[in-house]
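# Commentary on secondary and tertiary structure
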Amino acid sequence: MRITELLDKRSISLHAAPTSKQEALDQAVELMVRSGKISDEEAYRRQVYLREEESTTGIGEGIAIPHGKCDAVMKPGLAAMVVKDGVDFDSLDGEPVHLIFLIAAPNTKDNVHLDVLSKLSVLLMDEEFVERLKQASDVEEFLKIIDETDEEKPALEEQFEAYTETAADACKILAVTSCPTGIAHTYMAAEGLEKAAKAKNCFIKVETRGSGGAKNVLTEEEIREADCIIVAADAKVPMDRFHGKKLIECPVSDGISKAEQLIERAMSGEVPVYQSGKPSEAASAKTSGGTGHKIYMQLMNGVSHMLPFVVGGGILIALAFLIDGLSVDINTLSAEARGNFGSITPAAATLKEIGNVAFGFMLPVLAGFIAMSIGDRPGLALGFVGGMMAANGKSGFLGALAAGFLAGYLILLLQKIFSKLPQALEKIAPVLLYPFVGILLMGLIMNFVIEPPIGALNTSLNTALTNMGGSSKIVLGMIVAGMMSLDMGGPFNKAAYVFGTASIAAGNYDIMAAVMIGGMVPPCAIALATLLFKHKFTKEERESGPVNFIMGLAFITEGAIPFAASDPIRVLPSCVAGAAISGALSMAFGCTLMAPHGGIFVFPVVEHALMYLLALVVGTVAGALLLGLLKKKV
């Protein structure tokens, strides 16, 4: 898309004469309305004024770039005004404005226009280009000047990649620019800093965080080698990665109007060292940049976003079981009613329904944010789709883990493939090609590569368990309980649980007792471990750990998934061992259970309830101790 495609001849005025900033904005809005791209003039005008209240869009050097983004904008557009005599616009440099470009951005996911608007913003940093526009004799010449300059200049990303070309022994400066709308100021600040750095013969690389996502992202190695970092931003920027580095923080407008002073200050070295709120994590990011660490960070991005769904949904489901446990006598219920335990009373049914909805998001969120950490925003949709297919299929949380990484690296592959497309098609890749091709490939791979073998494995496990029914009950208890904690909602867990519920129908209540205790141990063991071995868990894990006591006691094994997903090699064996011990003891003590769910709330109907509780405690302690032994210090 060309810049002139956003300009309508009816929206250009070369002889405007507003007497105030308000009058200038109102005239610009009227010009924009003439283009037919605005459905509600007052709604759009309101957004333009609201943006102006945040900070002036008069960037200095006689230029202003006001903008508004809202539902009233039907199509992206530009309006242009040349004010020969100038107008007081409350500019950053206090000088009158002679050239105004008003931006109209629709409130949609289609961001094809963003690069075009951002490129225009960068072009306006060129004094010769601006002067030519102000001297244009008519609208046709005005448009021709823009089109010719647009043709000559490289694409926006190519411009920022070129910023790094400087002498190797020069002062190494990194920068991040970002503004709330991510359209104009983000890129103008980047251009301003680049120009100032070149004038001082400095090495500079600028990461732009605009509406189209982060571009030219700073690497760990570049951050490690930088002499100073400049963060010119009015929007949130990930800062932990800069822990221990000399850093200047300032508004994005300073990157435009005070770029030279910022570069001089960075070169002087008289800059404070930034201290992150999470120094241990930041230090880890600086010292461990290997493949294993990257995979761990990608995994943790999914786990941290999944955790609120696990905690909130799990507690609601636990409350549902508590309400039913206090309200009904399970001994008087039919077998069918026992299967609905947790949804018998209206209050319990409501809480359980809400909790189940939260749990439904758990695996898609896990996969989606793992994918996003690898492939940025385009990976999110693919990860959600893969995670949902894993949740609805037979692969469970292990399938969601695979889906997350698969989606992220699938996006990276598509980016390489689509980078060879013509520029016009490359621009629509993020909004059309990535989601269409990516989701199609994701679905096919999940359907035909990941799900079938796990489904076959699930079937074989059910068959194996059924054939073991007459063998040693203690061994059987160890196996079914261990399987309940092996993949926590995946095929092993489902196979063991289905076997346990089927045993109830056959009158073998001891198997269901071993199954349920096997699902209770993992969250309880993890909760205990976070209390006993605090130095082996992150702050976030220590804070959320005790909640697992509630989930474990309510037979909600999924509470352990975030911990298992972040460190499966150590967490899963510990949980399996603890669960297997509890399952064996449950069988040895002759414990039986007629309810297929409920955890501690159905203990009153467990035969030998005190011994069953002892089996749970022993397995929990064993799992926690083993976990404390295996896990490394944070």
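Residues numbered from 1 in each chain as written. Predicted model: local features only at pLDDT ≥ 70, side-chain atom pairs only at ≥ 80, totals over all residues. Heavy atoms only, no water.

### Side note on empty space enclosed by the protein
Counted only if it meets this: Residues are said to line a cavity or pocket when one of their atoms sits within 4 Å of a point; the points come from a 1 Å grid over protein atoms alone, cavities being sets where a 1.4 Å probe fits but cannot get out and pockets being open sets with protein on both sides within 12 Å along at least five of seven lines. Grid points are joined across faces, edges and corners, and a volume is the space filled by probe spheres set on the points. Each residue gets one of three labels, nonpolar for Ala, Val, Leu, Ile, Met, Phe, Trp, Tyr, Cys and Pro, charged for Asp, Glu, Lys and Arg, and polar for the others, Gly among them.
Using the criterion set out here, one finds two cavities of 30 Å³ or more in the structure. Taken as a whole, the second largest cavity spans an internal volume of roughly 30 Å³. Together, Phe 537, Glu 541, Phe 563, Ser 566, Asp 567, Val 571, Leu 627 and Lys 631 line the second largest cavity. Class assignment for the residues of the lining of the second largest cavity results in four nonpolar, one polar and three charged.

### A short note on a nonpolar patch on the surface
Where we set the bar: For patch building, the residue pool is restricted to those with more than 30% relative accessible area and no salt bridge; the joining distance is 9 Å between like charges and 5 Å between nonpolar side chains (Val, Leu, Ile, Met, Phe, Trp, Tyr). Residue exposure ignores everything except the shown protein chains as possible cover, and the areas themselves are Shrake-Rupley values with a 1.4 Å probe. Within this document, salt bridges are pairs made up of a side-chain nitrogen of Lys or Arg and a carboxyl oxygen of Asp or Glu, the two lying within 4 Å of each other. Helix and strand labels come from DSSP, where a helix needs a run of H or I of at least four residues and a strand needs a run of E of at least two; each type is numbered from the N terminus. Relative accessibility decides the category of a residue: with a 1.4 Å probe and only protein chains considered, values under 20% of the type maximum give buried, values over 50% give exposed, and everything between is partly exposed.
Together, Phe 436, Leu 440, Leu 441, Leu 444, Phe 448 and Val 449 line one region of the surface with nonpolar side chains, adding up to about 600 Å² of accessible area. If you trace the backbone, Phe 448 turns up in helix 18 (residues 429-467). The exposed category is assigned to Phe 448, whose relative accessible area is 63%.

### Thoughts on the state of the cysteines
Selection criterion: Throughout, disulfides are identified as pairs of cysteine sulfur atoms within 2.5 Å of each other.
Overall, the coordinates contain zero disulfides when judged by the stated rule. Lacking any disulfide linkage, Cys 202 is separated from the closest cysteine sulfur, that of Cys 171, by 4.7 Å. The class of Cys 202 is buried, set by a relative accessible area of 2%.

### Looking at the environment of Ala 429
How we decide: Throughout, a contact is declared for two residues whenever any of their heavy atoms are within 4.5 Å.
Among the secondary structure elements, Ala 429 is positioned in helix 18. Ala 429 sits eleven residues away from Phe 418 along the chain, and the two C-alpha atoms are 7.1 Å apart. Aside from chain neighbours lying at most four places away, what touches Ala 429 is Phe 418, Tyr 434 and Pro 435.

### Considerations on the nonpolar core
The test is simple: Among buried residues, the Ala, Val, Leu, Ile, Met, Phe, Trp, Tyr and Cys ones that are joined through side-chain atoms within 4.5 Å form a nonpolar core.
One finds Leu 366, Ile 370, Met 488 and Ile 526 to be the most contacted residues of the largest nonpolar core, which totals 45 residues. Aside from chain neighbours lying at most four places away, what touches Ile 526 is Ala 560, Phe 563, Val 571, Cys 575 and Leu 627. The next biggest cluster of nonpolar side chains, apart from the first, holds 37 residues, and it includes Phe 341, Ala 513, Met 551 and Ala 615.

### Brief notes about unusual backbone geometry
The phi dihedral of Asn 201 falls on the positive side, at around 60°, and the residue is not glycine. Mapped onto the elements, Asn 201 comes out in the loop between helix 7 (185-199) and strand 8 (203-210). One non-glycine residue with positive phi stands out, namely His 608, at about 60°. Among the structural elements, His 608 can be located in the loop between helix 25 (568-588) and helix 26 (609-630).

### Overview of the confidence of the model for the protein
For the record, the criterion: Think of pLDDT as the predictor's per-residue confidence, scored from 0 to 100.
Put simply, the protein has an average pLDDT of 81, and 82% of its residues get 70 or more. The element-level mean pLDDT for the protein is lowest in helix 11 (residues 279-287), coming to 39, with helix 26 highest at 94. When the criterion is pLDDT under 50, residues 162-166 qualifies, and its contacts beyond four places in sequence or with other chains add up to twelve contacts.

### Let's talk about the packing of helix 14 (residues 346-375) against helix 15 (residues 378-392)
Helix packing for two helices is described by the angle between their axes and how far apart those axes are. The cut-off we apply is this: Every axis corresponds to a line fitted to the C-alpha atoms, with the helix fit spanning only the stretch in contact, and the corresponding angles, defined between N-to-C directions, vary from 0 to 180 degrees. What makes a crossing left-handed is the near helix being turned counterclockwise from the far one by less than a right angle; a clockwise turn instead makes it right-handed.
Orientation of helix 14 relative to helix 15, taken along the N-to-C sense of each, is 145°, at an axis distance of 7 Å. As helix 14 packs across helix 15, the resulting crossing turns out to be right-handed. Contacts between helix 14 and helix 15 pair Gly 360, Leu 363, Pro 364, Val 365, Ala 367, Gly 368, Phe 369, Ala 371, Met 372 and Gly 375 from the former with Pro 378, Gly 379, Leu 380, Gly 383, Phe 384, Gly 387, Met 388 and Ala 391 from the latter. Here the residues of the contact of helix 14 with helix 15 are counted per class, giving twelve nonpolar, six polar and no charged.

### Structural notes on the pairing of strand 10 (residues 228-233)
Spelled out, the test is: One bridge is not enough; two strands pair if DSSP finds at least two bridges between them.
With six of six residues buried, strand 10 lies mostly within the body of the structure. Burial along strand 10 is two-sided: the face carrying Cys 228, Ile 230 and Ala 232 and the face carrying Ile 229, Val 231 and Ala 233 are both buried. Sheet analysis places strand 7 (residues 172-178) next to strand 10, joined by six bridges and oriented parallel. Within the sheet, the bridge partner assigned to Ser 178 lies in strand 10 and is Ala 233. Note that strand 10 and strand 11 (residues 247-250) share four bridges and pair parallel. Pairing of Ala 232 across the sheet is with Cys 250, part of strand 11.

### Describing the pattern of salt bridges
A complete count under the given rule lists 15 salt bridges for this structure. A salt bridge links Arg 45 to Glu 42, with the nearest nitrogen and oxygen atoms 3.4 Å apart. In this pair, Arg 45 and Glu 42 both sit in helix 2 (residues 41-54), three residues apart, roughly one turn of the helix. Residue class for Arg 45 comes out buried when judged on its relative accessible area of 13%. Given the relative accessible area of 45%, Glu 42 is considered partly exposed. One salt bridge in this structure joins Glu 207 and Arg 241, with 2.9 Å as the shortest N-O distance. Remark: Arg 241 occurs in the loop between strand 10 and strand 11 and Glu 207 occurs in strand 8; sequence separation between them is 34 residues.

### Re the packing of aromatic side chains
What counts here: A pair of Phe, Tyr and Trp rings is counted when the ring centres sit within 6.5 Å of each other, with Trp represented by its six-membered ring. The angle between the planes then sorts it: under 30 degrees is stacked, over 60 is edge-to-face, the rest tilted. Think of it as a cone above the ring: NZ of Lys or CZ of Arg counts as a charge over the ring if it is within 6 Å of the ring centre and within 35 degrees of the ring normal.
One pass over the full model with this rule turns up six aromatic pairs. Where Phe 369 meets Phe 384, the ring centres are 6.3 Å apart and the plane angle is 90°; that geometry is what we call edge-to-face. Of this pair, Phe 369 sits in helix 14 while Phe 384 sits in helix 15, and the two are 15 residues apart along the sequence. By relative accessible area, which is 17% here, Phe 369 ends up buried. Over the ring of Phe 537 we find Lys 631, and its NZ or CZ is 5.2 Å from the ring centre.

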